[in-house]
Amino acid sequence: MSRVLGVIPARIGSSRLPRKPLQPLLGKPLVLWVWERARRMRFLDRLVVATDSEEVAEVCRGAGAETLLTSASHPTGSDRTWEVARHLGRGYDVIVNIQGDEPLVGADAVKAAISMVERGFDAGTCAAPVRDEEEFRDPAVVKVVRTSEGRALYFSRAAIPYGYGGTGEQPRRHPDQQLRHVGVYAYRPEALGRWVGLSRSPLELQEGLEQLRALEDGMRIGVALVAEAAEGVDTPHDLERMESRLRSGGATEA
């Protein structure tokens with residue numbers, strides 16, 4: 001079995017939802033919902049919250065979470081995860097980036113991402129079936145196309161694969177090939193160091209997706225299939241919707 005270090009990046013600044021990690025869900029900070037779910041994943045040998053905010057760090061330490069105060073200058077969660085790996089990652093086979101804004105993150109998705117690294121990919125992530133046409137066309141939902149062996153070919157905010165049906169025809173729908181990206185990443189430590197050491201690439205800048213930097217450099221990203229994608233919290237509307245979902249489900253604890 002691989003030794004796995006789990007990292008939850010929790011940046012205090014967010015243009016769409018200020019002070020995101022501390023936003024309350026049923027009275028509990030968002031970041032603690034994520035940490036409490038992740039700490040029950042027994043395949044994680046160590047779990048660290050990585051933040052640029054002393055306030056977030058104090059909240060997490062108060063709940064019993066191991067916390068590392070990291071640089072405020074990191075442009076991505078991968079960069080913040082790499083800082084933790086450099087300080088604490090010795091002896092771990094896999095580093096996992098568990099996004100701090102997904103309070104319903106599933107153990108199956110995290111384990112599936114790890115499995116792709118264990119199969120030999122530089123990094124592993126997940127995808128789930130697109131639920132409907134609206135989601136497929138939504139640029140906020142990242143789509144991915146992969147090979148039959150699971151290697152990522154491309155990630156995009158556009159509706160891919162297109163479903164070309166001939167000149168003048170409407171695109172043909174192929175629901176079994178329409179996949180939305182699930183934002184959990186696992187990496188071999190050396191691959192993570194290579195990833196964050198790369199310059200931001202043209203496609204990354206155009207799509208606003210950091211994983212394209214790795215693909216453009218020839219890195220192999222494995223994409224595992226899972227049944228569904230956990231919803232994230234990026235906006236005040238997302239926060240309200242998540243709170244309603246948790247309340248209607250009778251969930252008072254993560």
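Above this text sits the structure in question.
Heads up: these notes are all about the structure in this document.

The rules we used
- Residues numbered from 1 in each chain as written.
- Predicted model: local features only at pLDDT ≥ 70, side-chain atom pairs only at ≥ 80, totals over all residues.
- Heavy atoms only, no water.
- Salt bridge = Lys/Arg side-chain N within 4 Å of Asp/Glu carboxyl O.
- Helix = DSSP H or I, 4+ residues; strand = E, 2+ residues; numbered from the N terminus.
- Buried < 20%, exposed > 50% of the residue type's maximum accessible area, 1.4 Å probe, protein only.
- Pairing = 2+ DSSP bridges.
- Contact = heavy atoms within 4.5 Å.
- Polar contact = N/O pair within 3.5 Å; in protein donor to acceptor, adjacent residues only side chain to side chain.

1. Here's the deal with the pattern of salt bridges
Move 1: Tallied over the full model, the rule gives 22 salt bridges.
Move 2: In this structure, R247 and E243 form a salt bridge, with 3.7 Å as the shortest nitrogen-oxygen distance. Residue R247 and its partner E243 are both found in helix 9 (residues 236-248); the two are separated by 4 residues, about one turn of the helix.
Move 3: With a relative accessible area of 22%, E243 lands in the partly exposed category.
Move 4: Each of the salt bridges in this network shares a partner with another, and the network as a whole consists of R16, K20, D101 and D234.

2. A look at the pairing of strand 10 (residues 179-187)
Move 1: By the criterion of burial, strand 10 is predominantly enclosed, with 9 of the 9 residues buried.
Move 2: Of the two faces of strand 10, the one holding L179, H181, G183, Y185 and Y187 and the one holding R180, V182, V184 and A186 are both buried throughout.
Move 3: With 4 bridges joining them, strand 6 (residues 94-98) and strand 10 adopt antiparallel strand pairing. Opposite N97, over in strand 10, you have Y185 as the bridge partner.
Move 4: Direction of pairing for strand 7 (residues 123-129) relative to strand 10: antiparallel, over a ladder of 6 bridges. If you follow A127 over to strand 10, its bridge partner there is H181.
Move 5: Summarising the sheet, strand 8 (residues 143-146) and strand 10 pair through 2 bridges and their orientation is antiparallel. Residue pairing across strands places V144 opposite L179, the latter belonging to strand 10.

3. Focus: helix 1 (residues 30-38)
Move 1: The element helix 1 is extensively covered by neighbouring structure, given that 8 of its 9 residues are classed as buried.
Move 2: For helix 1, the complete set of buried residues consists of L30, V31, L32, W33, V34, W35, E36 and A38.

4. Considerations on the environment of T51
Move 1: Residue position: T51 is located in strand 4 (residues 46-51).
Move 2: On the accessibility criterion, T51 (0% relative accessible area) is buried.
Move 3: Each C-alpha atom of the pair T51 and V34 lies 14 Å from the other, and the pair is 17 residues apart in sequence.
Move 4: Those residues in contact with T51 that sit more than four places away from it in its chain are A10, V56, A57, T67, L68, L69, T70 and R80.
Move 5: Among the polar contacts made by the side chain of T51, one reaches the main-chain carbonyl oxygen of A10 at a distance of 2.8 Å.
Move 6: One polar contact links the side chain of T51 to the main-chain amide nitrogen of S53, over a distance of 3.1 Å.

On their own, these measurements won't tell you what the molecule is for.
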